Amino acid sequence: MTAQDNSTTILVHGFNKDKKDMSFLHNGLRRAGFSVHSVDLPTTFGSLEECRNSLYLQVKGIVQAGQSVNFVAHSMGGLISRWYIEEMTGAEHVDKLIMLGTPNHGSHLSDPPSPYLSDLLPGHDTFTGRTAVWYIAYFVQAGIQPMPPAMEMMKYHSPFLNSLGYNGRSNYYILGGN
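Residues numbered from 1 in each chain as written. Predicted model: local features only at pLDDT ≥ 70, side-chain atom pairs only at ≥ 80, totals over all residues. Heavy atoms only, no water.

Q: Got a minute to help me understand the environment of V72 in this structure?
A: Of note, V72 is situated in strand β3 (residues 69-74). For V72, a relative accessible area of 6% gives the class buried. Here the alpha-carbon distance between V72 and Y173, two residues 101 residues apart in the chain, equals 9.4 Å. When near neighbours in sequence (up to four residues on either side) are disregarded, V72 contacts T9, I10, L11, V12, M22, L25, I98 and L100. (Helix = DSSP H or I, 4+ residues; strand = E, 2+ residues; numbered from the N terminus. Buried < 20%, exposed > 50% of the residue type's maximum accessible area, 1.4 Å probe, protein only. Contact = heavy atoms within 4.5 Å.)

This is the structure we're talking about:
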(Lines give C-alpha, C1' and ligand atoms only; values in the text may rest on other atoms or scores of the structure.)
Protein backbone atom coordinates (compact mmCIF):
# COMPACT_ATOMS: atom_id res chain seq x y z
CA MET A 1 0.00 0.00 0.00
CA THR A 2 1.86 3.01 -1.29
CA ALA A 3 0.78 6.27 -2.80
CA GLN A 4 2.36 5.22 -6.11
CA ASP A 5 0.49 1.93 -6.70
CA ASN A 6 -2.87 1.57 -8.46
CA SER A 7 -4.80 0.72 -5.29
CA THR A 8 -7.66 2.61 -3.72
CA THR A 9 -8.02 3.03 0.03
CA ILE A 10 -11.56 3.00 1.41
CA LEU A 11 -12.26 4.32 4.90
CA VAL A 12 -15.11 2.69 6.84
CA HIS A 13 -16.46 4.44 9.95
CA GLY A 14 -17.83 2.79 13.09
CA PHE A 15 -21.08 2.72 15.06
CA ASN A 16 -23.11 5.93 15.30
CA LYS A 17 -20.74 7.80 12.98
CA ASP A 18 -20.57 8.81 9.33
CA LYS A 19 -17.81 9.42 6.81
CA LYS A 20 -17.04 12.81 8.41
CA ASP A 21 -15.64 10.86 11.36
CA MET A 22 -12.83 9.67 9.06
CA SER A 23 -12.09 13.10 7.52
CA PHE A 24 -8.78 13.65 9.35
CA LEU A 25 -7.42 10.34 8.08
CA HIS A 26 -9.00 10.87 4.66
CA ASN A 27 -7.36 14.27 4.24
CA GLY A 28 -3.97 13.04 5.46
CA LEU A 29 -3.95 10.09 3.05
CA ARG A 30 -5.07 12.30 0.18
CA ARG A 31 -2.25 14.80 0.92
CA ALA A 32 0.21 11.89 0.93
CA GLY A 33 -0.89 10.99 -2.60
CA PHE A 34 -3.24 8.08 -1.94
CA SER A 35 -6.44 7.48 -3.86
CA VAL A 36 -8.87 7.51 -0.92
CA HIS A 37 -12.65 7.33 -0.50
CA SER A 38 -14.84 7.36 2.60
CA VAL A 39 -18.19 5.59 2.75
CA ASP A 40 -21.39 6.37 4.69
CA LEU A 41 -23.12 3.42 6.34
CA PRO A 42 -26.38 3.23 8.38
CA THR A 43 -24.53 2.08 11.49
CA THR A 44 -26.66 3.63 14.23
CA PHE A 45 -30.02 1.94 13.65
CA GLY A 46 -29.40 -0.28 10.61
CA SER A 47 -28.51 -3.95 10.84
CA LEU A 48 -25.03 -5.13 9.99
CA GLU A 49 -26.53 -6.73 6.90
CA GLU A 50 -27.88 -3.34 5.76
CA CYS A 51 -24.45 -1.83 6.46
CA ARG A 52 -22.66 -4.59 4.54
CA ASN A 53 -25.01 -4.22 1.55
CA SER A 54 -24.50 -0.44 1.59
CA LEU A 55 -20.73 -0.98 1.68
CA TYR A 56 -21.00 -3.39 -1.28
CA LEU A 57 -22.92 -0.87 -3.40
CA GLN A 58 -20.60 2.01 -2.57
CA VAL A 59 -17.43 -0.01 -3.21
CA LYS A 60 -18.91 -1.24 -6.50
CA GLY A 61 -19.26 2.41 -7.57
CA ILE A 62 -15.68 3.27 -6.54
CA VAL A 63 -13.52 0.33 -7.60
CA GLN A 64 -12.58 -0.26 -11.22
CA ALA A 65 -12.08 -3.75 -12.68
CA GLY A 66 -8.70 -5.18 -11.74
CA GLN A 67 -8.00 -2.50 -9.13
CA SER A 68 -6.90 -3.60 -5.67
CA VAL A 69 -8.51 -2.10 -2.59
CA ASN A 70 -7.29 -1.50 0.94
CA PHE A 71 -9.78 -0.88 3.73
CA VAL A 72 -9.04 1.11 6.87
CA ALA A 73 -11.95 0.57 9.25
CA HIS A 74 -12.78 1.84 12.71
CA SER A 75 -14.64 -0.22 15.33
CA MET A 76 -17.83 -1.75 13.90
CA GLY A 77 -16.63 -0.72 10.43
CA GLY A 78 -14.01 -3.46 10.73
CA LEU A 79 -16.71 -6.10 11.33
CA ILE A 80 -18.73 -4.84 8.37
CA SER A 81 -15.60 -4.91 6.20
CA ARG A 82 -14.71 -8.45 7.33
CA TRP A 83 -18.22 -9.65 6.52
CA TYR A 84 -18.02 -8.00 3.10
CA ILE A 85 -14.64 -9.66 2.44
CA GLU A 86 -15.57 -13.09 3.78
CA GLU A 87 -19.19 -13.45 2.67
CA MET A 88 -19.50 -11.26 -0.43
CA THR A 89 -17.17 -10.34 -3.28
CA GLY A 90 -14.61 -8.44 -1.23
CA ALA A 91 -11.98 -11.18 -1.26
CA GLU A 92 -11.72 -10.78 -5.04
CA HIS A 93 -10.19 -7.31 -4.80
CA VAL A 94 -9.42 -6.40 -1.17
CA ASP A 95 -5.71 -6.69 -0.48
CA LYS A 96 -5.52 -5.34 3.08
CA LEU A 97 -7.96 -4.64 5.89
CA ILE A 98 -6.56 -2.45 8.65
CA MET A 99 -8.86 -2.48 11.69
CA LEU A 100 -8.68 0.30 14.28
CA GLY A 101 -10.30 -0.67 17.58
CA THR A 102 -12.53 -3.33 16.02
CA PRO A 103 -14.41 -5.55 18.53
CA ASN A 104 -13.72 -8.83 16.69
CA HIS A 105 -14.77 -10.81 19.75
CA GLY A 106 -17.58 -8.49 20.89
CA SER A 107 -18.20 -5.22 22.66
CA HIS A 108 -19.11 -4.58 26.30
CA LEU A 109 -21.56 -1.90 25.17
CA SER A 110 -23.54 -4.63 23.40
CA ASP A 111 -23.91 -6.75 26.53
CA PRO A 112 -26.03 -4.89 29.09
CA PRO A 113 -25.85 -4.89 31.97
CA SER A 114 -22.33 -3.83 31.15
CA PRO A 115 -19.69 -3.33 33.81
CA TYR A 116 -18.63 -0.28 31.82
CA LEU A 117 -22.08 1.28 32.09
CA SER A 118 -23.06 0.38 35.65
CA ASP A 119 -21.11 3.30 37.13
CA LEU A 120 -22.71 5.72 34.66
CA LEU A 121 -26.27 5.41 35.96
CA PRO A 122 -28.06 8.50 37.34
CA GLY A 123 -26.67 9.59 40.66
CA HIS A 124 -23.05 9.15 39.63
CA ASP A 125 -21.01 12.24 38.87
CA THR A 126 -20.09 10.90 35.42
CA PHE A 127 -23.68 10.95 34.10
CA THR A 128 -23.46 14.29 32.25
CA GLY A 129 -21.69 15.00 28.98
CA ARG A 130 -22.26 11.60 27.36
CA THR A 131 -22.34 10.84 23.63
CA ALA A 132 -25.24 9.41 21.63
CA VAL A 133 -23.64 5.94 21.87
CA TRP A 134 -23.70 6.16 25.65
CA TYR A 135 -27.39 7.17 25.67
CA ILE A 136 -28.33 4.33 23.33
CA ALA A 137 -26.53 1.85 25.57
CA TYR A 138 -28.04 3.42 28.70
CA PHE A 139 -31.62 3.24 27.36
CA VAL A 140 -31.11 -0.36 26.28
CA GLN A 141 -29.74 -1.28 29.70
CA ALA A 142 -32.63 0.49 31.41
CA GLY A 143 -35.12 -1.40 29.21
CA ILE A 144 -36.43 1.80 27.63
CA GLN A 145 -35.57 0.85 24.04
CA PRO A 146 -34.54 -2.35 22.26
CA MET A 147 -30.94 -2.99 21.29
CA PRO A 148 -30.18 -1.57 17.82
CA PRO A 149 -29.72 -4.50 15.39
CA ALA A 150 -26.05 -3.79 14.73
CA MET A 151 -25.25 -3.68 18.45
CA GLU A 152 -27.13 -6.94 18.99
CA MET A 153 -24.81 -8.63 16.51
CA MET A 154 -21.74 -7.31 18.36
CA LYS A 155 -22.52 -9.15 21.60
CA TYR A 156 -19.79 -11.45 22.83
CA HIS A 157 -20.09 -14.87 21.16
CA SER A 158 -23.00 -13.75 18.97
CA PRO A 159 -23.79 -16.08 16.06
CA PHE A 160 -22.64 -13.29 13.73
CA LEU A 161 -19.21 -12.92 15.35
CA ASN A 162 -18.81 -16.69 15.58
CA SER A 163 -19.57 -16.99 11.85
CA LEU A 164 -16.72 -14.71 10.80
CA GLY A 165 -13.65 -16.62 9.74
CA TYR A 166 -10.47 -15.88 7.92
CA ASN A 167 -10.38 -16.96 4.29
CA GLY A 168 -6.68 -16.16 3.88
CA ARG A 169 -7.14 -14.13 0.69
CA SER A 170 -6.93 -10.67 2.28
CA ASN A 171 -4.37 -9.52 4.82
CA TYR A 172 -5.85 -8.39 8.14
CA TYR A 173 -4.10 -6.01 10.52
CA ILE A 174 -5.49 -5.04 13.95
CA LEU A 175 -4.58 -1.89 15.87
CA GLY A 176 -6.14 -1.69 19.32
CA GLY A 177 -9.01 -4.16 18.91
CA ASN A 178 -9.82 -7.59 20.27
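Q: I keep staring at the packing of aromatic side chains and nothing clicks. Help me out?
A: A ring pair, where both rings are aromatic, is described by two values, the distance of the centres and the angle of the planes. All told, the structure shown has three aromatic pairs when counted by the stated rule. Both rings, one in W83 and one in F160, keep their centres 4.9 Å apart while their planes meet at 70 degrees; by these two values the pair is edge-to-face. Here W83 is found in helix α3 (residues 76-87), whereas its partner F160 is found in helix α6 (residues 159-163), with 77 residues between them in sequence. Among the residues examined, W83 registers a relative accessible area of 11% and is labelled buried. Residue classification places F160 among the buried positions, given a relative accessible area of 7%. Ring-pair connections join several aromatic residues into one group, and the members of that group are Y56, F71 and Y84. (Phe/Tyr/Trp six-rings, centres within 6.5 Å; stacked < 30°, edge-to-face > 60°.)

Q: Got a minute to help me understand the packing of helix α2 (residues 48-62) against α3 in this structure?
A: The packing of two helices is summarised by the inter-axis angle and the distance between the axes. Contact pair α2 / α3: the axes reach a minimum separation of 9 Å and the direction vectors enclose 70 degrees. Judged by the angle between their axes, α2 and α3 are roughly perpendicular. Relative to α3, α2 is oriented so that their crossing is right-handed. Where α2 approaches α3, its residues L48, E49, C51, R52, L55, Y56 and V59 are matched on the opposing element by M76, I80, S81, W83, Y84 and E87. Along the lines of polarity and charge, the residues of the contact of α2 with α3 split into nine nonpolar, one polar and three charged. (Axes fitted to C-alpha atoms, helices over the stretch in contact; angles between N-to-C directions. Parallel < 35°, antiparallel > 145°, perpendicular 65-115°, else oblique. Left-handed = near helix turned anticlockwise from the far one by under 90°. Nonpolar A, V, L, I, M, F, W, Y, C, P; charged D, E, K, R; others polar.)

Q: What's the story with the nonpolar core in this structure? I'm lost.
A: It is characteristic of soluble globular proteins that their nonpolar side chains tend to be buried jointly. Counting 29 residues, the largest nonpolar core has I10, L55 and F71 as its most contacted members. Elements supplying a minimum of two residues to this core: β1 (8-12), α2, β3, α3, β4 (94-100), α5 (149-152) and α6. The leading source of residues in this core is α3, at six residues. Residues in contact with L55, not counting those within four places in the same chain, are V12, V39, L41, F71, I80, S81 and Y84. Among the nonpolar cores identified, the runner-up in size contains seven residues, and L11, L29, V36 and I98 belong to it. (Core = buried A, V, L, I, M, F, W, Y, C linked by side-chain atoms within 4.5 Å.)

Q: Can you walk me through α2 in this structure?
A: Residues three or four positions apart in an α-helix share a direction because the helix packs 3.6 residues into each turn. The end-to-end C-alpha distance of α2 is 21 Å, a good match for the 21 Å that 15 residues give at a rise of 1.5 Å each. Against β1, β3, α3, α5 and α6 lie the buried residues of α2. (Expected span 1.5 Å × (residues − 1).)

Q: What am I meant to see in the sheet that holds strand β2 (residues 35-38) here?
A: Either a parallel or an antiparallel arrangement is found when strands of a sheet pair, and the pairing is made through backbone hydrogen bonds. What the five strands build is an open sheet, ordered β2-β1-β3-β4-β5; its pairing is parallel. Two strands lie at the open edges of the sheet, namely β2 and β5 (171-175), each paired on one side alone. The sheet shows a mean angle of 20 degrees between the axes of neighbouring strands, direction not considered. Of the strand pairs in this sheet, β1 and β2 are connected by four bridges, and their pairing is parallel. Looking at the pairing, T9 lines up with V36 of β2. (Pairing = 2+ DSSP bridges.)

Just distances and angles here, no functional claims.
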